[in-house]
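Understanding the architecture of this molecule
One-letter residues, chain by chain:
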Amino acid sequence: MSKKHLKKIVITGALGHIGSRLIRSLSQEQIEKVIIFDNLTTQRYASLFDLPKNLQFKFLEDDIRTADFKKLFASENIDAVIHLAALTDAANSHERAKEVMDVNFEGLKRVANACGEAGVKLFFPSTTSVYGSQASVVDETCAELKPQSPYAESKLAAEQYLLEQKSNGLQFIICRFGTIFGYSVGMRFHTVVNKFLWQAVNGLPLTVWKTAWQQKRPYLDLNDCMRAVNFILERDLFDGEIYNMLTKNFAVKDIVETIKEFIPNLKIEYVDSPIMNQLSYDVNDNKFRKLGFLPQGILGKSIAETIDKLEGVKTQ
Ligand SMILES: NC(=O)c1ccc[n+]([C@@H]2O[C@H](COP(=O)([O-])OP(=O)(O)OC[C@H]3O[C@@H](n4cnc5c(N)ncnc54)[C@H](O)[C@@H]3O)[C@@H](O)[C@H]2O)c1
């Protein structure tokens, strides 16, 4: 049962892979108005086409590093922020570590400080890649986090900053998402499932990291991600806790074999990567499940849907 309706929200980074689906997946029973906030660096204007008519939207082209959030929250009477804006290409974050920290950590701090001052609630998507390589199954109590990229380090620093703000009264939730798979209009293709799909559809060899074939990692179906965000908004679950969110842990082998069911003539090329030493890790999501959330995503179904969307460019 909902405690309070969050009528007006800001979604930063709303034109990206997750945001472009989220702005189409919100319930009008919860939300009245959405400020779509994005600096358009990724040029995803297309995410703004054909927005649903049942909610009010306003687009703001602005940057989290400079925006006047205090003014925005007051003028729009904002209840909550879903802070998706970030530089998200983990593998390439080694070459732009300073900028990644600036956007993902310093930017988050600006948003969090403004939320704290205005009594606005904050949803922060972190990543299961803060765990890095782990010998056994890990949950939120894991004390030895081993982020393997500047991207994961910036997300961990942001988590730590938020946890410090608990005593200052900031109401927030940290969700460690597994790697997203599944179609959206602002979809990007630099994470594992999507990259393999793009390569497979275009008749290119799948570039599998040399060490990764048997390695397990957590993945999150975009449909489950949408259900999880709405679950949190409905329950007003800004309890200052960290939750792992995933559909399932898969090995690269599982992903490739699932794609093969739809595109049988796959070629595989084994390659090096700067974050390849990030070994296997299995993530446990019982803490979020115990609240009553059950993931329902199916890898094959989401893969089939994305392949279907790319039917026109499919080479085999
Ligand atoms: N996609 C995943 O697999 C995944 C997994 C775990 C966590 N997350 C987190 O979820 C969030 C959304 O991920 P996504 O996959 O949709 O990312 P994305 O890269 O597709 O979208 C990010 C959006 O943020 C915008 N942006 C970047 N810098 C900005 C700035 N300085 N000011 C304003 N806007 C800015 C970009 O223009 C883009 O539209 C990110 O915080 C990401 O770290 C994503």
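These figures come from a predicted structure and were not determined experimentally.

Under the feature "domain: NAD-dependent epimerase/dehydratase" (unreviewed entry), the UniProt entry names residues 9–244. The span residues 9–244 is 32% helix and 21% strand, and its two end C-alpha atoms sit 23 Å from each other.

The next subject is the site of the ligand. Within the structure, the ligand sits among 29 residues, and Asp38, Thr88, Tyr151, Lys155 and Arg188 are positioned closest to it. Measuring from an oxygen atom of the ligand, one finds a backbone N or O atom of His17 at 2.8 Å. Within the backbone of Ile64, one N or O atom sits 3.1 Å away from a nitrogen atom of the ligand. Among the secondary structure elements, those contributing two or more residues to the shell around the ligand are α1 (17–22), β5 (121–127), α4 (150–164) and β7 (179–181). A breakdown of the residues in the shell around the ligand according to their chemical character gives 11 nonpolar, 11 polar and 7 charged.

Contact pair helix α7 (residues 252–262) / helix α9 (residues 299–309): the axes reach a minimum separation of 10 Å and the direction vectors enclose 50°. Judged on the interaxial angle alone, α9 and α7 are oblique. Crossing handedness for the pair α7 and α9: right-handed. Across from Asp254, Ile255, Thr258, Ile259 and Phe262 in α7, the residues of α9 making contact are Leu299, Gly300, Ile303, Ala304 and Ile307. Its residues placed into classes, the contact of α7 with α9 shows 7 nonpolar, 2 polar and 1 charged.

Before going further, it helps to examine the sheet that holds strand β9 (residues 216–221). Pairing within the open sheet is mixed, and its 3 strands lie in the order β7-β9-β11. Strands at the two margins of the open sheet, each flanked by one partner only, are β7 and β11 (248–251). Averaged over all pairs of adjacent strands, the angle between strand axes in this sheet comes to 50°, irrespective of strand direction. Inspection of the sheet shows β9 paired to β11 by 4 bridges, in the antiparallel sense.

Buried accessible area, meaning the area lost when the parts come together, often serves as the stated size of an interface. Taken domain by domain, the chain consists of domain 1 (8–181 + 220–247) and domain 2 (192–216 + 249–313). Distance from the C-alpha centre of domain 1 to the C-alpha centre of domain 2: 23 Å. Taken together, the 35 residues of domain 1 in the interface contact 29 residues of domain 2. Roughly 2700 Å² of surface becomes buried between domain 1 and domain 2 when both sides are summed, with 63% attributable to carbon and sulfur atoms. The tally of links from domain 1 across to domain 2 stands at 1 salt bridge. The salt bridge partner of Glu241 is Lys287, with a shortest N-O separation of 2.6 Å. On the surface where domain 1 and domain 2 come into contact, there are 9 residue pairs in polar contact (both at pLDDT 80 or more). Contributions of two or more residues to the side of domain 1 that touches domain 2 are made by β7, α6 (222–235) and β10 (242–245). Take the side of domain 1 that touches domain 2: its biggest share by element is 6 residues, from α6. Partitioning the side of domain 1 that touches domain 2 into residue classes produces 15 nonpolar, 14 polar and 6 charged.

Procedures and definitions
- Residues numbered from 1 in each chain as written.
- Predicted model: local features only at pLDDT ≥ 70, side-chain atom pairs only at ≥ 80, totals over all residues.
- Heavy atoms only, no water.
- UniProt positions renumbered as here; feature names shortened; annotations may be inferred.
- Helix = DSSP H or I, 4+ residues; strand = E, 2+ residues; numbered from the N terminus.
- Near = heavy atom within 4 Å.
- Polar contact = N/O pair within 3.5 Å; in protein donor to acceptor, adjacent residues only side chain to side chain.
- Nonpolar A, V, L, I, M, F, W, Y, C, P; charged D, E, K, R; others polar.
- Axes fitted to C-alpha atoms, helices over the stretch in contact; angles between N-to-C directions.
- Parallel < 35°, antiparallel > 145°, perpendicular 65-115°, else oblique.
- Left-handed = near helix turned anticlockwise from the far one by under 90°.
- Contact = heavy atoms within 4.5 Å.
- Pairing = 2+ DSSP bridges.
- Domains from an automatic or database assignment.
- Buried area = accessible area lost by both parts, 1.4 Å probe.
- Salt bridge = Lys/Arg side-chain N within 4 Å of Asp/Glu carboxyl O.

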